[in-house]
Amino acid sequence: MQPGPDELEWRQPEALHRLYQLTRGGEVIATLRFEKRSGSLATGESGKNQWTLKRTGFLSPRVSVREAGSEADVAIFIPGWTGSGWLTFNSGRRYQLRSMNFWATEWAFEAEDGSPAVILTGPHGVFKQGGHLRVTESAATLPETPVLLLLIWYLRILMNEDASAAAVIATCS
């Protein structure tokens, strides 16, 4: 399915490179770049804004979002066991990430009242990953939306990489 001119799409321009572009009508509007071939540190850019995203912890994992060059968290995501979890911004706003279907191919960040803000379908692709995003009308002008767009894709990439690693370990056992 090709996105329409007002739809957003995450795409990976080159296989084996951990660089992703968010496009609208073919124009790049944001990027997410992992700093190394493995690891969780990534830099996201949207407009003039730049953030770093990093997962830390093993038994109590969390993902911090910081403005580039800052040590202060803008937001913290704390995952649950199934990939869902809560994102809390330092403004006090909270969003829940949850799977929207049985196969976990559609995910959404929802406001505390349960209304969806950002919905991701995908990722799809074998060698290069991509996914479609929809921003709801209620979230279109929120200051947190650029971070939601970057973070939902960042989390899906990490979930896919973790699942791939687990599959390799299970196969080798």
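J.: Mind showing me how you'd approach the overall build of the protein chain here?
T.: Per the secondary structure count, the protein chain includes 1 helix and 12 strands. Secondary structure elements in the protein chain, listed N-terminal to C-terminal, are β-β-β-β-β-β-β-β-β-β-β-β-α. By residue count, 37% of the 173 residues in the protein chain fall in the buried class. For the protein chain, contacts bridging at least 24 residues in sequence account for 31% of all contacts bridging at least 6. Counting only carbon and sulfur atoms, one obtains 55% of the accessible surface of the protein chain, whose full area is about 10,000 Å².

J.: Honestly, the pairing of strand S5 (residues 49–56) in this entry has me stumped. Any pointers?
T.: The side chains of a regular strand alternate between the sheet's two faces. As judged from the 5 bridges shared by strand S4 (residues 42–46) and S5, these two strands associate in the antiparallel manner. Across the sheet, the residue bridging to Glu 45 is Gln 50, located in S5. Two successive antiparallel strands, S4 and S5, enclose a turn made up of 2 residues, where Gly 47 displays a positive phi of approximately 65°. Bridging between S5 and strand S6 (residues 62–67) involves 6 bridges; their strand directions are antiparallel. When the bridges of S6 are listed, Arg 55 appears paired with Val 63. Taken together, S5 and the strand that follows it, S6, pair antiparallel across an intervening segment of 5 residues, in which Gly 57 is found at a positive phi of about 85°.

J.: So what exactly am I meant to see when it comes to unusual backbone geometry here?
T.: Leaving glycine out, the prevailing phi sign among residues is negative, and the prevailing peptide bond configuration is trans. The phi angle at Leu 16 is positive, at roughly 70°, despite the residue not being glycine. Looking at the element boundaries, Leu 16 is found in the loop between strand S1 (8–11) and strand S2 (19–24). Even without a glycine there, the phi angle at Ala 104 is positive, about 55°. Position of Ala 104 among the secondary structure elements: in the loop between strand S9 (94–99) and strand S10 (106–111). Of the residues examined, Ala 104 reaches a relative accessible area of 24% and is grouped as partly exposed.

J.: Whenever I open this one, the nonpolar core confuses me. Can you help?
T.: The tendency in soluble globular proteins is for nonpolar side chains to be buried side by side. Membership of the largest hydrophobic core comes to 38 residues, with the highest contact counts inside it found for Trp 10, Leu 32, Phe 109, Leu 133, Leu 151 and Tyr 154. The biggest single contributor to this core is helix H1 (residues 145–172), with 11 residues.

J.: Mind showing me how you'd approach the pattern of salt bridges here?
T.: Side-chain pairing between opposite charges can occur once the charged atoms of the two side chains come close. Taken as a whole and judged by the stated rule, the model has 7 salt bridges. The closest approach of N and O atoms between Glu 9 and Arg 11, which form a salt bridge, is 3.0 Å. For Glu 9, a relative accessible area of 9% corresponds to the buried category. In this structure Arg 11 comes out as partly exposed when scored by relative accessible area, which is 33%. The salt bridge involving Arg 98 is made with Glu 110; its shortest N-O contact spans 2.9 Å. With Arg 98 in strand S9 and Glu 110 in strand S10, the pair connects residues that are 12 residues apart, well separated along the chain. Taken together, the shared-partner salt bridges in this structure form one network comprising Arg 66, Glu 71 and Asp 73.

J.: What's the story with the packing of aromatic side chains in this structure? I'm lost.
T.: Aromatic rings in a pair are described by how distant their centres are and how their planes are angled relative to each other. Summed over the entire model, instances satisfying the criterion amount to 7 aromatic pairs. For the pair Trp 10 and Trp 153, a centre-to-centre distance of 5.8 Å together with 10° between the ring planes defines the contact as stacked. Of this pair, Trp 10 sits in strand S1 while Trp 153 sits in helix H1; the two residues are 143 residues apart in sequence, bridging distant segments of the chain. Note on Trp 10: relative accessible area 0%, which makes it buried. Taking the centre distance of 6.4 Å and the plane angle of 85° together, the rings of Phe 77 and Phe 109 count as edge-to-face.

J.: Sorry if this is basic, but what is going on with the environment of Glu 14 here?
T.: Positionally, Glu 14 belongs in the loop between S1 and S2. The exposure class assigned to Glu 14 is partly exposed, which follows from its relative accessible area of 47%. Between the alpha carbons of Glu 14 and Gln 129 there is a distance of 9.3 Å; along the sequence they are 115 residues apart.

Quick notes on the rules
- Residues numbered from 1 in each chain as written.
- Predicted model: local features only at pLDDT ≥ 70, side-chain atom pairs only at ≥ 80, totals over all residues.
- Heavy atoms only, no water.
- Helix = DSSP H or I, 4+ residues; strand = E, 2+ residues; numbered from the N terminus.
- Buried < 20%, exposed > 50% of the residue type's maximum accessible area, 1.4 Å probe, protein only.
- Contact = heavy atoms within 4.5 Å.
- Areas by Shrake-Rupley, 256 points an atom, 1.4 Å probe, with all protein chains shown as cover.
- Pairing = 2+ DSSP bridges.
- Core = buried A, V, L, I, M, F, W, Y, C linked by side-chain atoms within 4.5 Å.
- Salt bridge = Lys/Arg side-chain N within 4 Å of Asp/Glu carboxyl O.
- Phe/Tyr/Trp six-rings, centres within 6.5 Å; stacked < 30°, edge-to-face > 60°.

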